[in-house]
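Structure assessment
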Amino acid sequence: MMGDFSHLDSEGRPAMVNVGQKNVTHRTARAQALIHLPDEIMAHFNGNELMTKKGGVFQTAILAGIMASKRTGDLIPLCHPLGLENCHIDIQISGKNTMIIIAETSITAKTGVEMEALTAASVAALTVYDMCKSMSHDIVISEVKLLSKTGGKHDYQRG
């Protein structure tokens, strides 16, 4: 049923969701991306940073994710352009070879920011790949997913 998709009009054509009648609320979203790194890359960690010939991976990935979150409306055709109030990205190492990227976004608006959080996490992960690929192509980006969202018609928390 095409009417079940919010980004299709009654004739099945792509359409931006009309948010004109929605209430302005404070909206937040959290998303994650996992990156599995081989041992030869993990060997380059120095404290809480991974240094490469291109510079510090974490710091560059954080900046790239923030920049991407602000451009989500330019990247995803039916997303509304938003003036984010906040985007925060945290990168941690979990276990032996897994990097976890968590992106949190917020705005007071008529539409949510889950696409901005997902874009931030995705681009931060792609930046890690770009900065580390000279050491190995055995890098796997996985589990890009929404963890939570608040402030819209339906709040969501991944169980």
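Here, every reference points to the structure presented above.
Predicted, not measured: the structure shown is a model, and the values here were computed from it.

Note that strand S1 (residues 25-36) and strand S7 (residues 140-150) share 8 bridges and pair antiparallel. Note that in S7 the partner of Thr28 across the bridge is Thr150. In this sheet, strand S8 (residues 156-157) lies alongside S7 in antiparallel orientation, the contact comprising 2 bridges. From the neighbouring strand, Lys149 faces S8, where its bridge partner is Tyr156. Between S7 and S8, which pair antiparallel in sequence order, lie 5 residues; one of them, Gly151, sits at a positive phi of approximately 95°.

With phi around 45°, Glu143 is a residue other than glycine that occupies positive phi space. Considering the arrangement of structural elements, one finds Glu143 in strand S7. With a relative accessible area of 42%, Glu143 lands in the partly exposed category.

On to the pairing of S1. The pairing of S1 with strand S6 (residues 98-109) spans 12 bridges and is classified as antiparallel. Across the sheet, residue Ala31 finds its bridge partner in S6, namely Ala103.

Our next topic: the packing of helix H2 (residues 57-70) against helix H4 (residues 114-132). Put simply, H2 and H4 touch, their axes get as near as 7 Å, and they point 145° apart. Both H2 and H4 take part in a crossing whose hand is right-handed. Residues Val57, Thr60, Ala61, Ala64, Gly65, Ala68 and Ser69 of H2 touch H4, and the partners they reach there are Glu116, Thr119, Ala120, Val123, Ala124, Thr127, Val128, Met131 and Cys132. Classifying every residue of the contact of H2 with H4 gives 10 nonpolar, 5 polar and 1 charged.

Conventions adopted
Residues numbered from 1 in each chain as written. Predicted model: local features only at pLDDT ≥ 70, side-chain atom pairs only at ≥ 80, totals over all residues. Heavy atoms only, no water. Pairing = 2+ DSSP bridges. Helix = DSSP H or I, 4+ residues; strand = E, 2+ residues; numbered from the N terminus. Buried < 20%, exposed > 50% of the residue type's maximum accessible area, 1.4 Å probe, protein only. Axes fitted to C-alpha atoms, helices over the stretch in contact; angles between N-to-C directions. Left-handed = near helix turned anticlockwise from the far one by under 90°. Contact = heavy atoms within 4.5 Å. Nonpolar A, V, L, I, M, F, W, Y, C, P; charged D, E, K, R; others polar.

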